[in-house]
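Overview (structure and organization)
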Amino acid sequence: MDAKKKDKLATAIIYILVGIVVLILAGILGNILITGVPHLSWHFLSSEASSYQAGGGVRDQLFNSIYLLILTTIISLPIALGAAIYLAEYAKDNWGTNLIRTTIQILSSLPSIVVGLFGYLLFVVQFGLGFSIISGALALTFFNLPILTSNIEEAIKGVPQDQREAGLALGLSNWKTIRGIVLPAALPGILTGIILSAGRIFGEAAALIYTAGQSGSTINYADWNPFSPTSPLNVMRPAETLAVHIWKVNTEGIIPDATIVSAATSALLVIVVIVFNLGARYLGNKLYRKLTAAK
């Protein structure tokens, strides 16, 4: 077999494998959406969850999931960005840098239940934060940091060296070159890291069971004082997310329509992740064009 035939055969095998992955993904998403979307309604999205009676919704769980995502991103993004800039632009290739990268890889491979128990012992018990949104956000930061740091570092390294040299040739300092040239050029890769970490945050349940809690407090959406016990912005209140709600309904739920609620919540979770990904990519591309004057 000559080189051209081998190349065509390898290309065909790759296309077949990619097609299998796409079909599996489409089958999973299709099954979730087909099963759950018919049960989605405004009443389901705007009403409280029910513990005993049928007809409950996921209003609070949806808000808690989005709020946890925003809070976790606010905490983890500056840390990951600083670490990635250091590793990509300033760190020398020595045992210290290798140790940092190894630590990042270890963090990314930790089971979520281990991180949850660690968060419970440290934030809930030791720091006295209790089952709260802030405890959950701090625990989820351990999931975010490895993904964000690795993706941002690779995105920064992917910027051509010529752009750095051009900035330095114009008399810019190293930091101004990074801030004004490198980071805007690396924005698509940075955005990819944010999207990947966001998907993990939305779908995480084990770590939040031990930190954010399995139940929610009474929320008054007319009270936006973050220090009020009934405010949705209060970071010290317990918060059940969509993923935790799905787990709870399937394992401990005694409501008559548990199957319907589980299917509808799963479909809503998938839709929220898809909408967030598309929205983040749109805003990221728009910001990238603005910062780099690209068409």
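Rules used in this analysis
- Residues numbered from 1 in each chain as written.
- Predicted model: local features only at pLDDT ≥ 70, side-chain atom pairs only at ≥ 80, totals over all residues.
- Heavy atoms only, no water.
- Axes fitted to C-alpha atoms, helices over the stretch in contact; angles between N-to-C directions.
- Helix = DSSP H or I, 4+ residues; strand = E, 2+ residues; numbered from the N terminus.
- Parallel < 35°, antiparallel > 145°, perpendicular 65-115°, else oblique.
- Contact = heavy atoms within 4.5 Å.
- Nonpolar A, V, L, I, M, F, W, Y, C, P; charged D, E, K, R; others polar.
- Phe/Tyr/Trp six-rings, centres within 6.5 Å; stacked < 30°, edge-to-face > 60°.
- Buried < 20%, exposed > 50% of the residue type's maximum accessible area, 1.4 Å probe, protein only.
- Core = buried A, V, L, I, M, F, W, Y, C linked by side-chain atoms within 4.5 Å.
- Left-handed = near helix turned anticlockwise from the far one by under 90°.
- Expected span 1.5 Å × (residues − 1).
- Polar contact = N/O pair within 3.5 Å; in protein donor to acceptor, adjacent residues only side chain to side chain.
- Salt bridge = Lys/Arg side-chain N within 4 Å of Asp/Glu carboxyl O.

Here we take up the packing of helix α8 (residues 174-185) against helix α9 (residues 187-203). Look at α8 against α9: their axes get within 5 Å of each other, and the N-to-C directions meet at 60°. Relative to α9, the element α8 lies oblique. Counting all contacts with α8, which are made through Leu183, Pro184 and Ala185, the residues of α9 involved are Leu187, Pro188 and Ile190. Looking at the contact of α8 with α9, its residues break down into six nonpolar, no polar and no charged.

We now examine the packing of aromatic side chains. Considering all chains together, one arrives at eight aromatic pairs under this definition. When the ring of Phe118 is compared with that of Phe142, the centres are 5.4 Å apart and the planes differ by 85°; the resulting orientation is edge-to-face. With a gap of 24 residues between them, Phe118 in helix α5 (residues 112-126) and Phe142 in helix α6 (residues 133-157) connect regions that are remote in the sequence. For Phe118, a relative accessible area of 41% corresponds to the partly exposed category.

Membership of the largest hydrophobic core comes to 35 residues, with the highest contact counts inside it found for Leu68, Ile133, Leu140, Phe202, Leu208, Leu242 and Leu268. Listed by contribution, the elements that provide at least two residues to this core are α3 (59-90), α6, α9, α10 (206-209), α11 (242-251) and α12 (258-292). The leading source of residues in this core is α12, at seven residues. When residues no more than four places from it in sequence are discounted, the contact partners of Leu242 are Val58, Gln61, Leu62, Ser65, Thr265, Leu268 and Leu269. Formed by 15 residues, the second largest nonpolar core is a distinct cluster that contains Ile85, Ile152, Ile156 and Leu183.

A few words now on the packing of α5 against α6. Running from N to C, α5 and α6 cross one another at 140°; their axes reach a closest spacing of 9 Å. In terms of orientation, α5 lies oblique with respect to α6. Pair α5 / α6 crosses with right-handed handedness. Across the interface between the two elements, Ser112, Val115, Phe118, Phe123 and Val124 from α5 touch Ser135, Leu138, Ala139, Phe142 and Phe143 from α6. Grouping the constituent residues of the contact of α5 with α6 by class yields eight nonpolar, two polar and no charged.

Compared with the 36 Å implied by 1.5 Å per residue over 25 residues, the 35 Å span of α6 between its first and last C-alpha is a close match. Of all 25 residues in α6, 19 are buried, a share of seventy percent or more.

In this fold, Leu278 is placed in helix α12. C-alpha of Leu278 to C-alpha of Ile195: the two residues are 83 residues apart in sequence and 9.4 Å apart in space.

This brings us to the environment of Asn94. Within the secondary structure, Asn94 sits in the loop between α3 and α4 (95-109). Within the structure, the side chain of Asn94 is placed 3.0 Å from the backbone nitrogen of Thr97, a separation counted as a polar contact.

It is worth spelling out the side chain of Thr265 at this point. The topology assignment puts Thr265 in helix α12. In this structure, Thr265 is in contact with Phe44, Val58, Leu242, His245 and Ile246, ignoring residues within four places of it in sequence.

Looking now at the pattern of salt bridges. Tallying each qualifying case throughout the model produces six salt bridges. Glu153 is the partner of Lys157 in a salt bridge, and the nearest nitrogen-oxygen pair spans 3.1 Å. Of the two residues, Lys157 and Glu153 both sit in helix α6, four residues apart, roughly one turn of that helix. One connected set of salt bridges, linked through shared partners, spans Glu48, Arg59 and Asp60.

By themselves, these figures tell us nothing about what the structure is for.
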